[in-house]
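Coordinates in review
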Amino acid sequence: MNDNEDNQFLAAMWGDTQAYKERSFRIFQENSPDGFLILKPKFDDKGKIIDFLFVFLNASSSQILHVDSKEFIGHCLTELYPESMEIGVFKKIKEVYETKTPLKFEESYVNKVLGEVQWIRVISIPVIDGVAVTFQDVTEQKKIEEALKESQRRYSSLFNNQTNYMAHCRIITDENGKPVDYIVLEVNEAYLRLSGKKREELEGKRVTEIFQKANGYPFDNISTYGKVALEGGELSFENFFEIFQKWFSIYVYSTKQGEFTLMFNDITDRKLSEIKLQETLDELKRSNRELEQFAYVASHDLQEPLRMITSFARLFENKYKNQFDEKADYYIWHIVDGAKRMGTLIHDLLSFSRVTTKAVPFVLTDLNSILKEVQTDLQLIISESKAEVVIDNMPELKVDPVQIKQLFQNLIQNALKFRREKDPFVKVSAELLNNEWTFSVQDNGIGISSEYYDRIFMLFQRLHEKEKYPGTGLGLAICKKIVERHGGRIWLRSEEGKGTTFYFTLPFNR
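What comes next concerns the included structure. Small disclaimer: the values here were computed from a predicted structure and weren't measured. Numbers given to residues run from 1 along each chain, matching the order in which its sequence is written. Only residues with pLDDT of at least 70 get local features here, since the model is predicted, and only at 80 or more are side-chain atom pairs given and counted; chain-wide, interface and lining totals rely on the full set of residues. Side-chain numbers come from the whole structure's heavy atoms, not from hydrogens or water.

Brief notes about a nonpolar patch on the surface
How we decide: For patch detection, residues must exceed 30% relative accessible area and be free of salt bridges, and they are connected within 9 Å for like charges or within 5 Å for nonpolar side chains (Val, Leu, Ile, Met, Phe, Trp, Tyr). Method for areas: the Shrake-Rupley scheme with a 1.4 Å probe, in which residue coverage is limited to the protein chains shown. Within this document, salt bridges are pairs made up of a side-chain nitrogen of Lys or Arg and a carboxyl oxygen of Asp or Glu, the two lying within 4 Å of each other. Only DSSP runs of H or I reaching four residues or more are called helices, and only runs of E reaching two or more are called strands; each is numbered from the N terminus. In this scheme, a residue with accessible area under 20% of its type's maximum is buried, one over 50% is exposed, and one in between is partly exposed, where area comes from a 1.4 Å probe on protein chains only.
The grouping of Ile123, Ile125 and Val127 at the surface amounts to a nonpolar patch, some 200 Å² of accessible area in total. By the secondary structure assignment, Ile123 is in strand β4 (residues 116–127). Residue classification places Ile123 among the partly exposed residues on the basis of a relative accessible area of 33%.

So, in structure tokens, the structure goes:
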């Protein structure tokens, strides 16, 4: 088939070429997903445009506008949409017709069917004797944009009204990808007040331009910020900024690769308090070491002259007792008794100081064997008091065996000392709770009033007369110090006349 035959075939099928083009155009517009309509101007007697008539609407127009096209054809724009005059749509359509220039714009109006605002994006094109309009419903997009703007407004408000200092930055790397600098993109009002600079002096500038190294800015943090910016995540740490002469807690996080946000809070007062507290603790430790050393030296060096006093007092007592009057014998007895009690006191004071001064490393120890040794050492007092001592199975733990033996011995001996007259009983138990061993030494003795619970572990604290219950008041203080050295705690429960239970804990450290 030649060209002429082709044309004849098309003409027979579609009519002439112009008719074919118009038909194709109409088919395209009727099936377009976008709204499409044609408006023709309406003139007054003087030839002035007073309105535009709807002459065509496609199916999508009806769907987008939620109207029936039959209600539009032959009706005027301002008749159906009076607000078009106010919002400028009429003016823009008129401009397109008169200037023969296409125009793009967006407008919102209240859709009477939906009862809500609808946004339309419009492209208007001049055509013969009218204006062709294609449009899309962009209401959802506008809602999203508005929500995003609102979110940005809220973020900006939150960002700028934060009392913490905040800065959003972008990292700069060298050719090897190593962070070497960063650009300050945005800072909040608090940061401006801290820096004493204007916004334009900070935003858009490199940090090395803003703060010179000579000012003592901690530029080592660039690598830390860079790690977060490039790898993501978050990080918290504390640092002293010499340029501000302040301590800050710093929180850095990244929500976009290559960028990071800094949030830091002034903790100078807290940090200075911590430093002061640490200095005080260090001073206390030093003072305690000196006091312990003094107690050790004093008690150690006092033993020799005291032994001499005790020896000569006993010699004097043995030789001259009953050779003078009763008053002389009374004086001699007090000298000997005082020397004995002084010896006991010095011995206990030396034991107390040795908890730290003569401590040995912890070793894995079977506490069953320790308690067997304690029972052997206390066998005489156990027999004399006719007491029943029951010891449960004990664990193996890393401890100072000498000190733990002294701990158990002091507690059991204490229970036997303050026993009841009839059927004294002592039970030693152990239980694993919350990754630590809780030990108990229970007795059915005379008990302790609750008002003395806080005093009982203090140095030289005695609750009874020395004539009835001898001792120096150091035994339980030594127990407390041993337990604390092992990382545990000690306490008691008691009821007067019914007995006392001492508890202490040791870490599970096998």
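What about the pattern of salt bridges?
All chains considered together, the criterion is met by 20 salt bridges. Lys92 is the partner of Glu107 in a salt bridge, and the nearest nitrogen-oxygen pair spans 2.6 Å. Here Glu107 is found in strand β3 (residues 103–111), whereas its partner Lys92 is found in helix α6 (residues 89–99), with 15 residues between them in sequence. Residue class for Glu107 comes out buried when judged on its relative accessible area of 15%. Of the charged contacts in the structure, one is a salt bridge between Arg270 and Glu274, with a shortest N-O distance of 2.5 Å. Note that Arg270 and Glu274 are positioned in helix α12 (residues 268–320) at a spacing of four residues, about one turn of the helix. Judged by its relative accessible area of 33%, Glu274 falls in the partly exposed class. Bridged by salt links that share partners, the residues Glu238, Arg270, Lys271 and Glu274 form one connected network.

A word on the environment of Asp137
The condition that has to hold: Two residues form a contact once any of their heavy atoms are found within 4.5 Å. Think of a polar contact as two N or O atoms within 3.5 Å of one another; within protein, one of them needs to be a possible hydrogen donor and the other a possible acceptor, and neighboring residues in sequence only count if both atoms come from side chains.
As for its position among the elements, Asp137 is in strand β5 (residues 130–137). A C-alpha to C-alpha distance of 9.7 Å links Asp137 and Ser61, two positions 76 residues apart in sequence. Setting aside its immediate chain neighbours within four residues, Asp137 contacts Ile64, Gln118, Trp119 and Ile120. Only 3.2 Å separates the side chain of Asp137 from the side chain of Gln118, close enough to count as a polar contact. Separated by 2.6 Å, the side chains of Asp137 and Thr139 make a polar contact.

Structural notes on the sheet that holds strand β6 (residues 165–173)
Note the threshold: Strands pair, by our definition, only if DSSP identifies at least two bridges between them.
Strand order in the open sheet formed by six strands is β8-β7-β6-β11-β10-β9, with antiparallel pairing between adjacent strands. Two strands bound the open sheet, and with one partner strand each, they are β8 (205–206) and β9 (233–241).

So, the pairing of strand β10 (residues 246–254)
As defined by bridge partners, β9 adjoins β10 across nine bridges and the pair is classed as antiparallel. Residue pairing for β10: Glu238 is matched across the bridge by Ser249. The pairing of β10 with strand β11 (residues 259–266) spans six bridges and is antiparallel. In the sheet register, Ser249 faces β11, and the bridge partner there is Asn265. Counted between consecutive antiparallel strands, the loop separating β10 from β11 contains four residues, among which Gly258 sits at a positive phi close to 90°.

What about the packing of helix α16 (residues 401–417) against helix α17 (residues 475–485)?
To be explicit about the condition: Throughout, an axis means a line fitted to C-alpha atoms (over the contacting stretch in the case of helices), and angles, computed between N-to-C directions, take values from 0 to 180 degrees. We call two directions roughly parallel when the angle between them is under 35 degrees, roughly antiparallel when it is over 145, roughly perpendicular when it lies between 65 and 115, and oblique otherwise. Each helix crossing is assigned a hand: it is left-handed if the near helix lies turned anticlockwise from the far helix by less than a right angle, otherwise right-handed if that turn is clockwise. As a working rule, the residues Ala, Val, Leu, Ile, Met, Phe, Trp, Tyr, Cys and Pro are called nonpolar, Asp, Glu, Lys and Arg charged, and the rest polar, with Gly in that last group.
Contact pair α16 / α17: the axes reach a minimum separation of 9 Å and the direction vectors enclose 140°. Comparing their axes, α17 and α16 come out oblique. Crossing angle aside, the handedness with which α16 passes α17 is left-handed. Counted together, Gln403, Ile404, Gln406, Leu407, Asn410 and Leu411 of α16 and Gly475, Leu476, Ile478, Cys479, Ile482, Val483 and Arg485 of α17 form the full contact between these two elements. The class makeup of the residues in the contact of α16 with α17 is eight nonpolar, four polar and one charged.

Worth remembering: the numbers are spatial, not functional.
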